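Coordinate analysis (summary)
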Amino acid sequence: MLDLSSKTIDESVQGSALESTLNPESKKKFYIESYGCAMNFNDSEIIASILHQHGYGSTQNLEQADLILLNTCSIREKAEQTVRFRLNHFKGLKKRNRSLLVGVLGCMAERLKDKLLEEEKLVDIVIGPDAYRSLPSLIEEAEGGQKSVNVLLSREETYADISPVRLDQNGVSSFVSIMRGCNNMCSFCVVPFTRGRERSRDPYSIVREATELFEQGYREVTLLGQNVDSYRWEDEAHHTSVSFAQLLEKVALIDPLLRVRFSTSHPKDITDEVLFTIAKYENICNYIHLPLQSGSTRILQLMNRTYTKEWYLHKIDRIREIIPGCAISTDIICGFCTETEEDHQETISVMKYGVYELAYIYAYSERPGTLASRRYEDDVPAEVKSRRLSEIIDVHRENSRIRNLEELGRIHTVLVEGPAKKNADSDHCGRTDTNKMVNFAKGNSQIGDYVKVKIIDSSSGSLRGEILP
Ligand code: SAH
Ligand code: SF4
Ligand code: F3S
């Protein structure tokens, strides 16, 4: 994975532990680590809220925990290996504290179900993404000495009424889930099996949540879904419906000072209506994550992506026509079943055409139960996958260099997110509307402010700016 700046919907290499402390005075304490995409991180905030309501406090210290939860990802084999490694690490803790409970949540729980209890003896609770409301009762069962599992998927659950406990610390940007599940059947992908059928959350609770965030001082929300363009809320009582473009508009209208982002768009579904809505509202950010996966139409067909290379290129053109200056990022899978050098070169040619601001590049990892694993042989040798991966990464590095050079001298409105990673005492960092991270001398800027910043220096991964008066 090559991530030059931000966290989008995708697997994080490191899990991230709960970063806020809830109910510090409660007796029972849970510790949670999250892996995978932004939606999983947002789910951990829902889980924290459920546990909070049931009197649990949180801890960031494993040794103090009565309950350890891992919110897991199955997207690639490596993501699951990381979780198994973590579980292994907890063995010692469990020996020292016999009443310690360990729960596996999220996509790996859903994929492996009770097999996980057989494979990983120290796991007490297995709970899938649609069953989090039952976590308190599962904990009770486990406290009674019974291993407990709930991996029921739902067609309705959106956790719309649960106010997530914000685990991020910057207090400026936050995720809001607008839908769950996925109805696409991309042949490589495990998500439809781990997250179930697609369902949209009602727009009223989405707007309410975003409004509350704004009132609490947040200045940016990212609307989350595996395929946000197929968001659709049918209000049967009033015979009306809300599309994704309409939802975007509703959230943008909360306040011009609230930035709106979204992820992920599917090239087959993103409409001109969405693009015109982005263009119309200053506070809907000019940034679109548009996963390509492969530049070869033949491979796209095998992947069941339902668009061609030409369709995808046309979408890029439309985005740039309707929203001049819009930043685009992408996901690529290299070495998918039967991929030839020619197919690979087609991916490279689209990478060069797209000049993406950001790209997440992966070697294909076969996932049990998916269409591809049943139909096609994973026949591209590991060393070929890895060579193709580095060739694509090289093209992306060059794209980033070009994009960052173009930034020199530009003036952006930057939302101040917090102290810069380097020189935290003197510098702040923040993002442009186009999702580029910029470091700059703090001056009088406060976290959550918008500042005008002129770009004065650029390296491959970051931009340096100065605040304009
Ligand atoms: N819903 C999003 C992506 C979700 S998964 C979309 O439709 O694009 C995030 C990314 O992980 C995918 O875009 C894909 O590039 C990658 N991915 C998914 N399954 C994979 C697999 N089996 N092997 C390697 N990468 C995979
Ligand atoms: Fe997976 Fe495709 Fe759904 Fe994305 S759209 S989550 S890649 S099945
Ligand atoms: Fe997300 Fe990983 Fe599940 S990418 S939806 S946590 S398989």
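All chains use their own residue numbering, which begins from 1 and follows the written sequence. Each chain is given a letter, starting from A, and each ligand a number, starting from 1, according to the order in which they appear as written. Where totals are concerned, whole chains, interfaces and linings use all residues; where local detail is concerned, this predicted model gives features only for residues with pLDDT of at least 70, and gives and counts side-chain atom pairs only at 80 or more. As a rule here, side-chain values cover all heavy atoms of the structure and leave hydrogens and water aside.

1. Overview of the sheet that holds strand 19 (residues 427-431)
The mixed closed barrel is built from five strands, whose spatial order is 18-19-20-22-21. Sheet twist, expressed as the mean angle between neighbouring strand axes with direction ignored, is 55°. Sitting on the sheet, helix 15 (residues 382-407) touches strand 18 (411-419), strand 21 (450-458) and strand 22 (463-467), and the angle it makes with strand 21 is about 120°. Any two strands with at least two DSSP-identified bridges between them are counted as paired. Note on conventions: DSSP H or I runs of at least 4 residues are helices, E runs of at least 2 residues are strands, and numbering of each starts at the N terminus. Inter-axis angles, ranging from 0 to 180 degrees, are taken between N-to-C directions of lines fitted to C-alpha atoms, where helices are fitted over the stretch in contact. Contact between two residues is taken to exist if any of their heavy atoms lie within 4.5 Å; hydrogens are not considered.

2. Remarks on the domain arrangement of the chain
Residue ranges for the domains trace back to a domain assignment, done automatically or taken from a database. Entries for the chain in the domain assignment read domain 1 (15-150), domain 2 (170-285), domain 3 (287-406) and domain 4 (411-467). For domain 1 and domain 4, the distance between their C-alpha centres works out to 36 Å.

3. Focus on the state of the cysteines
One covalent bond between the sulfur atoms of two cysteine residues makes up a disulfide. Pairs of cysteine sulfur atoms within 2.5 Å are identified as disulfides in what follows. Enumeration over the complete set of coordinates arrives at zero disulfides. Here Cys326 stays free of any disulfide, with the sulfur of Cys285 as its closest cysteine sulfur at 9.8 Å. When a residue's accessible area, from a 1.4 Å probe over protein chains only, is under 20% of the maximum for its type it is buried; when over 50% it is exposed; and in between it is partly exposed. In this structure Cys326 comes out as buried when scored by relative accessible area, which is 4%.

4. Here's the deal with the pattern of salt bridges
Should their charged atoms come close, side chains of opposite charge can pair. Salt bridges are defined as contacts in which a side-chain nitrogen from Lys or Arg sits within 4 Å of a carboxyl oxygen from Asp or Glu. One pass over the full model with this rule turns up 39 salt bridges. Arg180 is paired through a salt bridge with Asp43; the nearest N and O atoms lie 2.9 Å apart. Of this pair, Arg180 sits in strand 9 (residues 179-180) while Asp43 sits in helix 1 (residues 38-53); the two residues are 137 residues apart in sequence, bridging distant segments of the chain. Taking the shortest distance from any N to any O, the salt bridge between Arg410 and Glu407 comes out at 3.0 Å. Look at Glu407 and you get buried, because its relative accessible area is 4%. A cluster of three or more residues bridged by salt bridges with shared partners is formed by Asp43, Asp130, Arg180, Arg195 and Arg199.

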